[in-house]
Structures are given as C-alpha cells and as structure tokens.
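Below are the chains, spelled out letter by letter.
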Amino acid sequence: EPEVTQTPSHQVTQMGQEVILRCVPISNHLYFYWYRQILGQKVEFLVSFYNNEISEKSEIFDDQFSVERPDGSNFTLKIRSTKLEDSAMYFCASSEMGGQGDSPLHFGNGTRLTVT
Amino acid sequence: QQQVKQSPQSLIVQKGGISIINCAYENTAFDYFPWYQQFPGKGPALLIAIRPDVSEKKEGRFTISFNKSAKQFSLHIMDSQPGDSATYFCAASRGGKLIFGQGTELSVKP
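Residues numbered from 1 in each chain as written. Chains lettered and ligands numbered in written order. Predicted model: local features only at pLDDT ≥ 70, side-chain atom pairs only at ≥ 80, totals over all residues. Heavy atoms only, no water.

Just checking my understanding: could you explain the pattern of salt bridges for this structure?
When their charged atoms lie close together, side chains carrying opposite charge are able to pair. If you walk through the whole model with that rule in mind, you get 4 salt bridges over all chains. Residues A:Arg36 and A:Glu44 are paired through a salt bridge, measuring 3.4 Å at the closest nitrogen-oxygen approach. With its nearest N and O atoms 3.6 Å apart, the salt bridge here joins B:Lys57 to B:Glu59. The class of B:Glu59 is partly exposed, set by a relative accessible area of 38%. (Salt bridge = Lys/Arg side-chain N within 4 Å of Asp/Glu carboxyl O. Buried < 20%, exposed > 50% of the residue type's maximum accessible area, 1.4 Å probe, protein only.)

This is how it looks when you write it as structure tokens:
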C-alpha cells in the first residue's frame, strides 16, 4: 500500500537555526498537510496546501514557517529560526480529494524535532 | 467552536471487554468524523469514519455511534485485544482540515 514518507525521522537543532522537514506524499494525492504533536498532547493542524498554494493555515503557522512543493514529489516544511517550543513531532499528510468522502488523510510516521 | 473534546484520557480494559471512547464537538458545520489509531513512533492511521447522515457505522470489531442532536460520537471496540493497545484520536472535519481530540491511551490487559 502506498504511504507518506518523511525524512529525517529525528532532527536535532539549536535554537535560532533553520530546519527543513521533508515529505513525499502519496503520488496521486493533490492535497497536502502539516500537523504537529507536542509530546503527550493532541495532533494540531498547521497548514494545508493545494494547487501550489496554501489553502488554510492555523495561528501556529506564523511567519517563521513556510511550505513548498519544490518538485513533483516533495513537500517541505521550513522553520526559519527555531524556538525551544517548536520541539514536537511533525506529521505530513496527504489526501486524494481533500479529505472528502472516501478520500481520508494519510499520515507519515513523523519527524521528531528537538530544539536545544 | 473549533474544539473537539475527547474522554477519557486513558482507559484500561481486560481482554475481551468493550472499550468505549467518547467525543463531543461544537461546530455544526463539521461533516466528517474519523477515528485515528496511533501506535508509539508512528503516525495516526485512519481506523473508521462516519458522516452525520448516519447514526452508526460498524467495521469488524469497531463501531462508531453518532448522535447529531447531542453533537457527540463514540468509538466502541468490541472484544478488545492486547494488540488494540494504542492511542485513539477522534477528529472532526469540514473541507479536509482535521480538528483532533486530545486522545485516549487505551491499554488492553491480557
């Protein structure tokens, strides 16, 4: 079964550094998402992306965050200047038709980001 | 209005028992209610989902009960097994963006 793949599985960075988290969505999917999960807490929506532009973003997704689909397969999340509170598990997800009907979101296994 | 409230936070059930997890929402615009199962170190995986035009959906040992007037829905796991031990998240959605509940850590004892 096709799956969403994320790299790296664990990223350690120093406060103030830039990080790029990478995702390869399922190949025929058109809608892409980033979510995050702080340890022991619920999964929170960050941003959705369709047709090469952001379709919705949460309050968490401030100017320090950006997303890009640099080619036909990758979908990236960039954090420009990381803060301690950015430490979390970041999940990429994709869906064929935007989560409607029989088109659920498929999640990757996440990137654990640790900011020291 | 965007919140989804989930309870209990943790649940211990004996093997063969019924696990019940409850969720409540406020926004009546939500039109899709999935349940996700998450094992440690893995991403959430879709377990079962329902739309508000039906009151119940069953897939194997997993059943969603949906009460539109009360704005509540629940997951029932029949004949719970140790392999069901995981964190379960309810969610609500309109237009693809999922709003998750806080999660329930289920432990099924042999």
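I keep staring at the interface of chain A and chain B and nothing clicks. Help me out?
Accessible area lost upon the coming together of the parts serves often as the stated size of an interface. Taken together, the contact between chain A and chain B spans 18 residues of the former and 19 residues of the latter. Counting every contact that joins chain A to chain B gives 1 salt bridge. The shortest N-O distance in the salt bridge between B:Lys97 and A:Glu56 comes to 3.1 Å. At the surface where chain A touches chain B, the tally comes to 5 residue pairs in polar contact (both at pLDDT 80 or more). Mapped by element, the contributors of at least two residues to the side of chain A that touches chain B are strand E4 (31-37) and strand E5 (43-50) of chain A. The residue makeup of the side of chain A that touches chain B, split by class, is 8 nonpolar, 8 polar and 2 charged. (Contact = heavy atoms within 4.5 Å. Polar contact = N/O pair within 3.5 Å; in protein donor to acceptor, adjacent residues only side chain to side chain. Helix = DSSP H or I, 4+ residues; strand = E, 2+ residues; numbered from the N terminus. Nonpolar A, V, L, I, M, F, W, Y, C, P; charged D, E, K, R; others polar.)

Whenever I open this one, the pairing of strand E4 (residues 33-38) of chain B confuses me. Can you help?
Looking along a regular strand, one sees the side chains alternate between the two faces of the sheet. Residue and element names in this part refer to chain B. When you tally the buried positions in E4, you get 6 out of 6 residues, the bulk of the element. Residues of E4 alternate between two faces, with Phe33, Trp35 and Gln37 on one and Pro34, Tyr36 and Gln38 on the opposite face, all of them buried. Of the pairings in the sheet, the one linking E4 to strand E5 (residues 45-50) comprises 5 bridges and is antiparallel in character. Considered in E5, the bridge of glutamine 37 is made with alanine 45. The loop that links E4 with its antiparallel partner E5 comprises 6 residues; one of these, glycine 41, has a positive phi angle of about 80°. (Pairing = 2+ DSSP bridges.)

How should I be thinking about the nonpolar core in this particular structure?
In summary, soluble globular proteins display a tendency toward joint burial of nonpolar side chains. Ranked by size, the top nonpolar core spans 25 residues in total, and within it B:Phe33, B:Trp35, B:Phe73, B:Leu75 and B:Tyr88 carry the most contacts. Among the secondary structure elements, those contributing two or more residues to this core are strand E2 (10-14), strand E3 (19-25), E4, E5, strand E7 (62-67), strand E8 (72-77), strand E9 (86-94) and strand E11 (104-109) of chain B. The contacts of B:Tyr88, once residues within four sequence positions are left out, are B:Gln6, B:Ile21, B:Tyr36, B:Gln37, B:Leu47, B:Leu75, B:Ile77, B:Gly103, B:Thr104 and B:Leu106. Formed by 21 residues, the second largest nonpolar core is a distinct cluster that contains A:Trp34, A:Val47, A:Phe65 and A:Phe75. (Core = buried A, V, L, I, M, F, W, Y, C linked by side-chain atoms within 4.5 Å.)

Explain the state of the cysteines to me, please; I cannot follow it from the model alone.
Linking two cysteines covalently via their sulfur atoms produces the bond known as a disulfide. Counted by the stated rule, this structure contains 2 disulfides over all chains. Here A:Cys23 is linked by a disulfide to A:Cys92, with a sulfur-sulfur distance of 2.0 Å. Handedness here is read from the sign of the S-S torsion; for A:Cys23 and A:Cys92, about -65°, the answer is left-handed. Here the residue A:Cys23 occupies a position in strand E3 (residues 19-24), and A:Cys92 occupies one in strand E9 (residues 88-95), the gap between them amounting to 69 residues. Taken individually, A:Cys23 and A:Cys92 each receive the classification buried, so the pair is uniform in this respect. A sulfur-sulfur distance of 1.9 Å marks the disulfide that ties B:Cys23 to B:Cys90. With the S-S dihedral at roughly -95°, the linkage between B:Cys23 and B:Cys90 falls on the left-handed side. Here B:Cys23, found in strand E3, pairs with B:Cys90, found in strand E9; they are 67 residues apart in sequence, far enough to count as distant. In this structure, B:Cys23 and B:Cys90 share a single accessibility class: buried. (Disulfide = S-S within 2.5 Å.)

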